[in-house]
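# Chain and residue survey
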Amino acid sequence: MMNTNIRKAILVTLGLIISLSSVLAQPKAPPMLDPRRFDAWTVEYEPFRLLIENAVEEYITLNDTELLPIASTDNVIAVRSKSGQRQLYQIRYGTASDGYIVIDNMEVRWVLGSTLAQTISEKETYYHLDTQEPYETKTHRPEVEYLEVETFWTHTDLQIGTDRLVYLFGKSGGLTVEWGSELFGRPYGEAGFARFGVITPIFKLGLQVPSPSIALGYRAGAETDEYLTGGIGGFGAFKYKVLYGELFFQSLEPALAEGSFIHSYDLGGLMNLSFNTTLSGIKISEKKSLFAGAMQIRLGAVIARVDHSKIVNDRVLFQNLKRTYNVATGDTTDEFKNGDAASLEESGLFFRVDYASTLIGKRFPRHEATFQVSGPSIMTKYVYNVSHTLGIPLTVLLYTKDNEWSPSAAILVGFKLRLDQN
Amino acid sequence: MKNRNLIALLTMLSFVSTMWAQSFQETGKLEWVVKDREFSRSFMEAYIDTLMTIDDMAELEVQETDELRVIVGIDVEGNSSLENIYAKGRSGVLNKLAKAVLDSMDAEMIDNIQSRRYNWDYLSAVDVGGGRGDVINVFEERSNKQVRDAFWWTHRRVDISVFPRIFIRVNPNFAFAAEFGRQDLGFPAAASRTLNMGLATEVLKFYATLPASYLNLNSSSNPLEGTFGGVLKFDSPSFGGSISFQDMNFLGTTDTSNFLSPKNAVYNPASGQFYYSFTSRIGSPADQPGFVPIGSLRLQIGFTFMQFAYGQVFNESGISDGTGAYHQLDKSGALESMFGLFRVEYASDMNNRFFNKIKMAGQLNMGLDGFGGFDFTTSYTITEWLGVNLNLTYFWKPMVFTYEDPDPTLTSVLEYEWKPGFFIVPSVALYF
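Since the structure is predicted, the reported quantities are computational estimates derived from the model, not experimental observations. (Residues numbered from 1 in each chain as written. Chains lettered and ligands numbered in written order. Predicted model: local features only at pLDDT ≥ 70, side-chain atom pairs only at ≥ 80, totals over all residues. Heavy atoms only, no water.)

We now examine the overall build of chain B. The number of helices and strands found in chain B is 7 helices and 25 strands. Every one of the 432 residues in chain B was classed for burial, and the buried ones make up 49%. In chain B, once contacts between residues fewer than 6 apart in sequence are set aside, the share between residues at least 24 apart is 59%. Carbon and sulfur atoms provide 58% of the accessible area of chain B, an area that totals close to 20500 Å². (Helix = DSSP H or I, 4+ residues; strand = E, 2+ residues; numbered from the N terminus. Buried < 20%, exposed > 50% of the residue type's maximum accessible area, 1.4 Å probe, protein only. Contact = heavy atoms within 4.5 Å. Areas by Shrake-Rupley, 256 points an atom, 1.4 Å probe, with all protein chains shown as cover.)

With that out of the way, let us pick up the pattern of salt bridges. Residue and element names in this part refer to chain B. Summed over the entire model, instances satisfying the criterion amount to 34 salt bridges over all chains. A salt bridge links E64 to R41, with the shortest nitrogen-to-oxygen separation between them at 3.7 Å. Linking E64 in the loop between helix 2 (37–54) and strand 2 (67–74) with R41 in helix 2, this pair joins segments that are 23 residues apart in sequence. The salt bridge involving R182 is made with D184; its shortest N-O contact spans 3.0 Å. Judged by relative accessible area, R182 falls into the buried class, the value being 5%. (Salt bridge = Lys/Arg side-chain N within 4 Å of Asp/Glu carboxyl O.)

Attention now goes to the packing of aromatic side chains. In the structure shown here, the tally under the stated rule is 35 aromatic pairs over all chains. Relative to F422 of chain B, the ring of Y394 of chain B lies with its centre 6.1 Å away and its plane at 70°, an arrangement referred to as edge-to-face. Highlighted residues: Y394 of chain B in strand 22 (residues 386–395) and F422 of chain B in strand 25 (residues 422–431), separated in sequence by 28 residues. Overall, the relative accessible area of 41% leaves Y394 of chain B in the partly exposed class. Look at F422 of chain B and you get partly exposed, because its relative accessible area is 33%. The ring of Y244 of chain A carries R298 of chain A above its face, with NZ or CZ at 5.8 Å from the centroid. One Lys or Arg, R116 of chain B, reaches over the ring of W120 of chain B and ends 3.7 Å from the middle of that ring. (Phe/Tyr/Trp six-rings, centres within 6.5 Å; stacked < 30°, edge-to-face > 60°. Lys NZ or Arg CZ within 6 Å of the ring centre and 35° of its normal.)

We now examine the interface of chain B and chain A. In this assembly, 61 residues from chain B lie in contact with 58 residues from chain A. Carbon and sulfur atoms supply 69% of the area that chain B and chain A bury against each other, a total of about 4900 Å² over both sides. When the buried area of chain B at its contact with chain A is split by residue, R117, F206 and I243 of chain B rank highest and sum to 12% of it. As a salt-bridge pair, R305 of chain A and D247 of chain B come within 2.2 Å of each other at their nearest N and O atoms. Summed over the shared surface of chain B and chain A, the result is 9 residue pairs in polar contact (both at pLDDT 80 or more). In terms of residue count, the dominant contributor to the side of chain B that touches chain A is strand 13 (residues 239–247) of chain B (8 residues). Split by residue class, the side of chain B that touches chain A holds 29 nonpolar, 18 polar and 14 charged. (Buried area = accessible area lost by both parts, 1.4 Å probe. Polar contact = N/O pair within 3.5 Å; in protein donor to acceptor, adjacent residues only side chain to side chain. Nonpolar A, V, L, I, M, F, W, Y, C, P; charged D, E, K, R; others polar.)

All names here are of chain A. Residue position: R141 is located in helix 5 (residues 141–150). Exposure remark for R141: the relative accessible area of 12% places this residue in the buried category. Taking the C-alpha atoms as reference points, R141 and S97, 44 residues apart in sequence, are found 7.0 Å from one another.

Most of helix 4 (residues 114–121) of chain A sits inside the fold, with 7 of its 8 residues counted as buried. Here helix 4 of chain A has its buried residues at S114, T115, L116, A117, T119, I120 and S121 of chain A.

In terms of nonpolar packing, the biggest core is built from 77 residues, with I91, L112 and I120 of chain A together with F43, Y47 and L97 of chain B touching the most fellow members. It is helix 2 (residues 46–62) of chain A that contributes the most residues to this core, 7 residues altogether. (Core = buried A, V, L, I, M, F, W, Y, C linked by side-chain atoms within 4.5 Å.)

All names here are of chain B. Counted residue by residue, strand 16 (residues 295–306) has 9 buried out of 12 residues, so it is predominantly covered. The pairing of strand 15 (residues 270–282) with strand 16 spans 12 bridges and is antiparallel. Its bridge partner being in strand 16, S277 is matched across the sheet by Q300. With 11 bridges connecting them, strand 16 and strand 19 (residues 338–348) associate as antiparallel partners. In the strand pairing of strand 19, F305 is matched with M338. (Pairing = 2+ DSSP bridges.)

Right under this line is the structure:
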């Protein structure tokens, strides 16, 4: 009965979101450059990027120009004409939030010099990433870029939150520590694991270890004291254009587990495609619009397997890894037998909508909201950003499957600090 | 009085420290060559005219067609001033333009040459000169793109190549890819009975793993068995890694009959890898003596976690006749699963027909428990579309698994010694 209601609620919400996005989505402005005529890419190879930075600085020194130096956080985009000599046509640098400075035509050669311009134009010989940036519309882009960046990577030098810590040691790399996995519907202590790894704007990779099972709030239902137990393993995830993928595995370490009957993630995978749109919102005054900002919709599938182990004298007596297991309805017992199979109940559809309100000072949105369905977990999250530095997230979780390792619902709170080096 | 002395002392100290600090602040110089022939000619014409005006008997050491080299000084506050201009004649002799003449020239002309708002080039680029490969190296940097393309990615539309592997690029960013085995873990093609296929980009690969086998010229070797699973690999110029899993539970009871050795099957349930890498230039150009053709050498140093699981296939009655489900009996411990990784990749520079003639890679996997192996791959590209490859892999020590006899009536502890052995895999590469 409860499941039917939830299903209805999801369908109604989905319908509302889709119709809202089509109504509020802004028409796209004409492209800035014709992608049929130009190739564009970001210069990712650090030495070449530094050479461009130096050349721009030299040009500024030698001339009375309005060009600004290239900041370490800027994207440096090279544009090449597809016709004729395939010469370098433009250099753009900046960010979507702050806008791009464009050096084009003859001035590119004046700034870079012949050899450097030729070298940069030969993108086939160095590390680069193709970009759509020069082809896209400028209007309302900062919010989209905020969602694109903050859902995986960050522009902040140091981000400390209850869900993750990211420390950047450059424009393209950093260290990350994550507690739980929001995308698997189990944020904070709900997943039983923490992650330590390296992160780049495109991928992250690292170790997975058991974490303390602490509820950052209130858990409701019959299994309020039951948690998933973490193990030792690894994780990897990528976000490449519209595609997101993630894999993890872990194996139970009896010495680090509490209790005799243990439920633990064994492996997990997630894949989804994303779609971004800007929202002009509903105008409520001359300067204010309700729900203005940007929205990101993701759709995919999640697979996660929970295995059941019995631990006796600090040794795993048995571990059930077979695939076809279902807990009988209403069965809340902890005990299971050798031969019971691991559960795939944590698998299913993945759907997520992220919303960010209009950026304040081109840096942060006051309001962020998320609605996510990840297998049996339905999550609603709201973040109130007091300032660029401090954000307060509030998460409501609802689990649609009755099993021994999940509460029925939970309300969790946290914090997010964003600190930039001066 | 004391206060006044103290203030005087502090003032003096601050003055001295400022002067001392200033004396150590660096000033810079910018040097370049004027490549705009028209601008260069008009500047030299103006210079010669001014020189003649000052002294019509002056001996002319420069010509209008000379190449100009400009040196601009940058002071501590970032202000620029013209230091010197040299004119280089056809004989290669550099003649310094007279300061007195430059000072007498039209100020706009001097501002123009100093502003660098014309076609110019770095001095080092001009002095090194030369071909395509040198264009990159005048900056004393080595792009690792070519060596990455040779092994991780491809610059071709279709690349059926080294490992063996198949890359079909559907657009510049994405490719469908298939790779036999896990060369990155030291178990290439024949050493791991898996086919990893899926999506590849320049930075990452996301594969599904399937059980498969590949030709091996040495029939006495014992490869890893394969099953279904997934792989996620990353690579950037400075670091990369991978994560993967396989699970025998995804196999049906009849699938196990395809195992090479159902009574003793070893597979890799999970792996993780992380490495740091950098690329250097190596070799000598074709017109200079040397054994190694000029190219890029990429080194990868890191660690691998690779778990090995040992099991047997037997049916519900416990009979090992090659059919039934896989039963895991033992798996490698944390120490046995850890490996030091050292990998070297070399690709000769692309020639004028846009292919790397020689590619080589060697990988050492040193297990902390003594188990380990060495993998070597070499590839020779004959023409734009055809190449030949050879892959050799050797494991120097067996891995021992200990398990209780699966027969419930017995309590004995048994051992299985897994010797992967030696693998030889030749292949042909096709490029389109």
